[in-house]
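# Remarks on the overall topology
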Amino acid sequence: MKIASWNVNSLRVRLPHLLDWLKAAEPDVVGIQETKCVDEQFPFAELEAAGYFAAHNGQKTYNGVALLARQPLTEVCRDMECFADEQRRVIAATVGGVRVVNVYVVNGQAVGSEKYDYKLRWLAGLRQYLGEELQKYPKLAVTGDYNIAPAPEDTHDPAVWEGGILCSEPERAAFRALLDLGLKDSFRLFEQPAASFTWWDYRQAAFRRNMGLRIDHILASDALAAACTGVRVHLEPRRLERPSDHAPVVSEFTV
DNA sequence: ATGGTTGAAGATCAA
């Protein structure tokens, strides 16, 4: 089973890229972030024609998350019961015996800001929620835009990023607290190329210069991580005209 | 030189 995560930065704009990529990469499950549309605007018909079932947790203008799968999605949940939130940032479903939680973590804007406090509260809620999910579902994958670069090597230039938003110690501690539940950062189960990133700012030709961060992750429970055979960032969609600022990440499992 | 780009909304905000 290939499980992917991709922040598309507007699904309506990026649908052609998504459909082309689904055909080329053939993922079994895809967690999508920043659909930026309401459920009525979600392209269910186009995705069904491409061979995918879909579930969406939509919001006008901002946020919005979806799960796509080649098998039916069951037990779909759109809320963390332990953390009330008006922003649509979570969707979970069961696919082929694997529980998949897809998240769009709060960006946080700047360390010390009101949004940063919300980010840390939100991550504490996510930790509680994932703990509960792990009790119910031993085989758990958590796809998402975490808006956290876990370590200095996940940034193109630690001198620029260390201590700032996406790279501050409280954010990294919150990320480690998720791993402490019994989850693995699947990307780091394998040897990886140096300077592997998943997001590059649209400005300053950042992608061409590989000035990126690794902030999109697929966490796997220990039971699922044991079945992981490889993880890779797909750079091709980021090279297209009018791309998302994020590239998809794909983890492969023998389940 | 406190810059730059994109998306959605709507004449600004979030990322």
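Per chain, residue numbering runs from 1 following the sequence as it is written. Chains carry letters and ligands carry numbers; both start at the beginning, A for chains and 1 for ligands, and go up in the order they are written. Local features in this predicted model are restricted to residues of pLDDT 70 or higher, and side-chain atom pairs are both shown and tallied only at a pLDDT of 80 or more, whereas totals for entire chains, interfaces and linings draw on every residue. Side-chain figures throughout are based on the complete set of non-hydrogen atoms in the structure, without hydrogens or water.

The criterion, for reference: UniProt positions are given in the numbering used here, feature names are shortened, and annotations may be inferred rather than shown by experiment.
Chain A is annotated in an unreviewed UniProt entry as Exodeoxyribonuclease III of Solimonas fluminis. The record in UniProt for chain A states the following under Sequence similarities (unreviewed entry): "Belongs to the DNA repair enzymes AP/ExoA family."

## What about the UniProt feature "domain: Endonuclease/exonuclease/phosphatase" (unreviewed entry) in chain A?
Using the following cut-off: Under the DSSP-based scheme used, a helix requires at least four consecutive residues in state H or I and a strand at least two consecutive residues in state E, with every element numbered from the N terminus.
UniProt marks residues 4-246 with the feature "domain: Endonuclease/exonuclease/phosphatase" (unreviewed entry), using the numbering shown here. End C-alpha atoms of residues 4-246 are separated by 13 Å, and the span's content is 26% helix alongside 25% strand.

## A short note on the protein's contact with DNA strand B
Put simply, the rule reads: The near set for a molecule or strand comprises every residue that places at least one heavy atom within 4 Å of it. N or O atoms closer than or at 3.5 Å make up a polar contact, with two conditions inside protein: a donor-capable atom paired with an acceptor-capable one, and, for residues adjacent in sequence, both atoms drawn from side chains. Amino acid classes used here: Ala, Val, Leu, Ile, Met, Phe, Trp, Tyr, Cys and Pro are nonpolar; Asp, Glu, Lys and Arg are charged; the rest, including Gly, are polar.
Around DNA strand B, the surrounding shell holds 15 residues, and the nearest of these are Ser10, Val13, Thr61, Arg203 and Arg242. Counting only the atoms of DNA strand B that lie within 4 Å of the protein, the sugar and phosphate share comes to 80%. Within the side chain of Lys115, a nitrogen or oxygen atom sits 3.3 Å from a phosphate oxygen of DNA strand B. Between DNA strand B and Arg242 there is a distance of 2.3 Å, counted from a phosphate oxygen to a side-chain nitrogen or oxygen. When its residues are assigned to classes, the surface near DNA strand B shows four nonpolar, four polar and seven charged.

## Some details on the nonpolar core
So the rule is basically this: Working definition of a nonpolar core: buried Ala, Val, Leu, Ile, Met, Phe, Trp, Tyr and Cys residues. They are joined through side-chain atoms within 4.5 Å. The buried label applies to any residue whose accessible area, calculated with a 1.4 Å probe on protein chains only, is under 20% of its type's maximum; exposed applies above 50%, and partly exposed to all values in between. By definition in these notes, contact holds between two residues if any of their heavy atoms fall within 4.5 Å.
Residues Ile3, Val29, Leu67, Leu73, Val98, Leu224 and Phe253 are the most contacted members of the largest nonpolar core, which totals 29 residues. Sorting the residues of this core by element identifies strand 4 (65-69), strand 6 (90-95), strand 7 (98-104), strand 12 (216-221), helix 6 (222-225), strand 13 (228-233) and strand 14 (249-253) as the ones contributing at least two each. Among residues more than four places away in sequence, those in contact with Leu67 are Val29, Val30, Gly31, Phe53, Ala54, Ala55, Leu73, Ile91, Ala92, Ala93, Val100 and Asn102. Judged by nonpolar contacts, the second largest core, of 24 residues, contains Val90, Val103, Val106 and Leu123.

## Side note on helix 5 (residues 169-179)
Taken together, the buried positions of helix 5 are Glu171, Arg172, Ala174, Phe175, Ala177 and Leu178. Looking at the buried positions of helix 5, the neighbouring elements they touch are helix 3 (114-136), strand 9 (183-185) and strand 12.

## Focus: helix 1 (residues 11-25)
Each α-helix turn comprises 3.6 residues. Residues three or four places apart therefore point the same way. The condition is simple: Expected span, for any helix, means 1.5 Å times one less than how many residues it has. Note that the bend at a residue is defined as the angle between axes fitted to the seven residues ending at it and the seven residues starting at it.
Taking 1.5 Å per residue, 15 residues should reach 21 Å; helix 1 reaches only 18 Å between its end C-alpha atoms and comes up short. The sharpest bend along helix 1 comes to roughly 35°, located at His17. When we look at burial in helix 1, the residues that qualify are Leu11, Arg14, Leu15, His17, Leu18, Trp21, Leu22 and Ala25. Next to the buried residues of helix 1 lie strand 1 (2-7), strand 2 (29-33), helix 2 (44-49), strand 4 and strand 14. Of the residues flanking the end of helix 1, it is Glu26, one or two places downstream, whose phi is positive at about 50°.

## Thoughts on the pattern of salt bridges
Where charged atoms of side chains with opposite charge meet at close range, the side chains can pair. Definition in use: Counted as salt bridges are all cases of a side-chain nitrogen of Lys or Arg within 4 Å of a carboxyl oxygen of Asp or Glu.
Evaluation of the coordinates by the stated rule reveals 12 salt bridges. The partner of Asp154 in a salt bridge is Arg188, and the shortest N-O contact between them spans 2.7 Å. Residue Asp154 is found in the loop between strand 8 (140-145) and helix 4 (158-161), and its partner Arg188 is found in the loop between strand 9 and strand 10 (199-200); the two are separated by 34 residues along the sequence. Asp154 gets classed as buried once you look at its relative accessible area, which sits at 2%. A salt bridge links Arg172 to Glu162; its shortest N-O distance comes to 2.8 Å. Placement of the pair is Arg172 in helix 5 and Glu162 in the loop between helix 4 and helix 5, with a sequence separation of 10 residues. According to the relative accessible area criterion, Glu162 is partly exposed, its value standing at 35%.

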